[in-house]
Amino acid sequence: MGSTSLVAVADRPADSRADRPTLAVLASGTGSILEAILAAGLPVAVVVVDRRCPAEKRAADAGVAVELVEREDFGPGFDRDAYTGRVVDTLRRHGVDTVAMAGFGTVLGPALFSAFPDRVLNTHPALLPAFKGWHAVGAALAAGVRVTGCTVHLATEAVDDGPILAQRAVEVLPADTEASLHERIKSVERALYPDTIRRFLEGTLP
Ligand code: GRF
């Protein structure tokens, strides 16, 4: 009996991640994308927020650990590297090996990407490389594009850059406001991002 179960464990692929929490989600806002990740049953070990925000409650309601790594300085003297170090320490403490950013409002420094090489994911509400930056939806609307969308990509030190993993188009409607368009994009992100994260963890992305 005992040897049977030992063989079963030994036969499991060394990189199997299916049965242990390995994922951290970084959020700052409403947390609707976080909620979709949690609802999809992905192995989230911890949610890290940089400020008090509704995402904290979404994580707590799902019974997932929440860490507030509070950013106190939003001015020009902000020590990005020191703050990044605090986030990396928190992630290491929870033993995660993959990080999914879901509306995190602080640009993190190089230490994050060296701690988790090629294992930081992001979702962006535009068809990258178009409309990088925090105001992507408003910028797309102002540019008069008829189609925009969302992009899941590997995050790198350069903001909203890095290899694209998945994209979906979203039509811009004549009556759209920034809020209505963003909500329609987010409804697509809430399906695309969890699905892409799952395939990333399984190693089944093309
Ligand atoms: C999403 O559109 C994401 O792409 C962007 O921030 C938004 C987060 O939405 N980076 P929510 O707070 O999860 O509702």
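Above this text sits the structure in question.
Residues numbered from 1 in each chain as written. Predicted model: local features only at pLDDT ≥ 70, side-chain atom pairs only at ≥ 80, totals over all residues. Heavy atoms only, no water.

For the chain, the helix and strand inventory stands at 7 helices and 7 strands. Expressed as a percentage of the 206 residues in the chain, the buried residues total 44%. By sequence separation, contacts in the chain at least 24 residues apart represent 57% of the contacts at least 6 residues apart. (Helix = DSSP H or I, 4+ residues; strand = E, 2+ residues; numbered from the N terminus. Buried < 20%, exposed > 50% of the residue type's maximum accessible area, 1.4 Å probe, protein only. Contact = heavy atoms within 4.5 Å.)

Another point: the site of the ligand. Residues in contact with the ligand, as listed here, are G29, T30, G31, S32, I33, G103, T123, H124, P125, H182, K186 and E189. Within the contact set of the ligand, an oxygen atom lies 2.9 Å away from a backbone nitrogen or oxygen of G31. Between the ligand and the protein, one listed contact pairs an oxygen atom with a backbone N or O atom of T123 at 3.1 Å. Of all the secondary-structure elements, those providing two or more residues to the shell around the ligand are α2 (32-39), β5 (120-124) and α7 (178-202). The leading source of residues in the shell around the ligand is α7, at 3 residues. (Near = heavy atom within 4 Å. Polar contact = N/O pair within 3.5 Å; in protein donor to acceptor, adjacent residues only side chain to side chain.)

Let's shift gears to the sheet that holds strand β7 (residues 164-171). For sheets, the rule is that strands pair by backbone hydrogen bonds, running either parallel or antiparallel. One open sheet accounts for 7 strands, arranged β3-β2-β1-β4-β5-β6-β7; its pairing is mixed. Edge positions in the sheet fall to β3 (65-68) and β7, since each has one partner strand and no second. Each strand axis lies, on average, 20 degrees off the axis of its neighbour in the sheet, ignoring direction. Judged from the 4 bridges that link them, strand β1 (residues 23-27) and strand β4 (residues 98-101) form a sheet pairing that is parallel. If you follow L26 over to β4, its bridge partner there is M101. (Pairing = 2+ DSSP bridges. Axes fitted to C-alpha atoms, helices over the stretch in contact; angles between N-to-C directions.)

Further remarks concern unusual backbone geometry. With omega at 15 degrees, the peptide bond leading from L128 into P129 counts as cis. Mapped onto the elements of the fold, P129 is located in the loop between β5 and α6 (136-143). Of note, the phi angle at D118 is positive, near 60 degrees, even though the residue is not glycine. With respect to the element layout, D118 can be found in the loop between α5 (110-115) and β5.

So, on to the pattern of salt bridges. Scanning the entire structure with this criterion turns up 9 salt bridges. Residues E35 and R58 are paired through a salt bridge, measuring 2.9 Å at the closest nitrogen-oxygen approach. Of this pair, E35 sits in helix α2 while R58 sits in helix α3 (residues 54-61), and the two are 23 residues apart along the sequence. The exposure class of E35 is partly exposed, given its relative accessible area of 39%. On the basis of relative accessibility, which here comes to 22%, the residue R58 falls in the partly exposed class. E67 is the partner of R93 in a salt bridge, and the nearest nitrogen-oxygen pair spans 3.0 Å. With R93 in helix α4 (residues 80-93) and E67 in strand β3, this residue pair connects regions lying 26 residues apart in the sequence. (Salt bridge = Lys/Arg side-chain N within 4 Å of Asp/Glu carboxyl O.)

Two elements in contact, α2 and α3, have axes separated by 9 Å at closest approach and are oriented at 15 degrees. By the angle between their axes, α2 is roughly parallel relative to α3. The handedness of the crossing between α2 and α3 comes out as right-handed. Here S32, L34, E35 and L38 of α2 lie close against α3, whose contacting residues are A55, R58 and A59. When its residues are assigned to classes, the contact of α2 with α3 shows 4 nonpolar, 1 polar and 2 charged. (Parallel < 35°, antiparallel > 145°, perpendicular 65-115°, else oblique. Left-handed = near helix turned anticlockwise from the far one by under 90°. Nonpolar A, V, L, I, M, F, W, Y, C, P; charged D, E, K, R; others polar.)

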